[in-house]
Amino acid sequence: MKLNLRFRRCADTQASRKLISDSIEPLSRELEITAAHATVEQPSEGSPAIRAAVNLEVPGTDITVSANDYTLAAAWNKVMKNLRRQIQRRLARREARGPSTPLRRSGQPAFSRA
């Protein structure tokens, strides 16, 4: 998994990078993640709020989550809580569908005649 971190108008510290990378790495055990793009920004210079967002490139539809709060840790905790919820929903839907069946090419009949 490739991790891309972007900090906009806020401090890029080792502690911030560690917080983000340590929370995203374990997710790759639950789901096949090709790349993760995390962004931390302060929307405007006068605003005390921090916006944290993450986009996970996974098979199927990508998972994107964002949250706002007054500290990076609080905003990131909200992001991770929502991210885990979306991952659990996706895994539950996958289990409910049962074993995957191979897709057939368009134009081929759904059954074969012997």
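Residues numbered from 1 in each chain as written. Predicted model: local features only at pLDDT ≥ 70, side-chain atom pairs only at ≥ 80, totals over all residues. Heavy atoms only, no water.

Undergrad: Explain the overall build of the chain here, please?
TA: Tallying secondary structure elements over the chain gives 2 helices and 4 strands in all. Ordered by position from N to C terminus, the α and β elements of the chain give β-α-β-β-β-α. Out of the 114 residues in the chain, the part that is buried amounts to 32%. Within the chain, counting contacts between residues at least 6 apart in sequence, those at least 24 apart form 46% of the total. (Helix = DSSP H or I, 4+ residues; strand = E, 2+ residues; numbered from the N terminus. Buried < 20%, exposed > 50% of the residue type's maximum accessible area, 1.4 Å probe, protein only. Contact = heavy atoms within 4.5 Å.)

Undergrad: Please clarify how the nonpolar core should be interpreted in this entry.
TA: The nonpolar side chains of a soluble globular protein tend to be buried with one another. In this structure, Val-54, Leu-56, Ile-63, Trp-76, Leu-83 and Ile-87 are the most contacted members of the largest nonpolar core, which totals 25 residues. Within the residue set of this core, elements represented by two or more residues are helix H1 (14–24), strand E2 (35–41), strand E3 (50–57), strand E4 (63–69) and helix H2 (72–97). A per-element tally of this core places H2 first, with 8 residues. The contact partners of Val-54, leaving out residues within four places of it in the chain, are Ile-24, His-37, Ala-38, Ile-63, Thr-64, Val-65, Trp-76, Val-79 and Leu-83. (Core = buried A, V, L, I, M, F, W, Y, C linked by side-chain atoms within 4.5 Å.)

Undergrad: In this structure, what is going on with the pairing of E3? I would like to understand it.
TA: Looking along a regular strand, one sees the side chains alternate between the two faces of the sheet. In the sheet, E2 pairs with E3 via 7 bridges, with the strands oriented antiparallel. When the sheet's bridge partners are listed, His-37 is paired in E3 with Asn-55. Where E3 and E4 come together, 7 bridges link them in antiparallel fashion. Bridge pairing in E4 links Ala-53 to Ser-66. What sits between the antiparallel neighbours E3 and E4 is a turn of 5 residues, in which Gly-60 has the positive phi angle 90°. (Pairing = 2+ DSSP bridges.)

Undergrad: Honestly, the sheet that holds E2 in this entry has me stumped. Any pointers?
TA: Hydrogen bonding along the main chain pairs the strands of a sheet, whether they run parallel or antiparallel. Across the sheet, which stays open at both edges, the 4 strands sit in the order E1-E2-E3-E4 with mixed pairing between neighbours. Either end of the sheet is taken by a strand with one partner, and the two such strands are strand E1 (2–8) and E4. The sheet shows a mean angle of 10° between the axes of neighbouring strands, direction not considered. Where E1 lies against E2, 7 bridges are found, and the strand directions are parallel. Each bridged residue has a counterpart across the sheet, and for Arg-8 the counterpart in E2 is Glu-41. Contacting E1, E2 and E3, H1 runs over the sheet at an angle of about 145° to E1. (Axes fitted to C-alpha atoms, helices over the stretch in contact; angles between N-to-C directions.)

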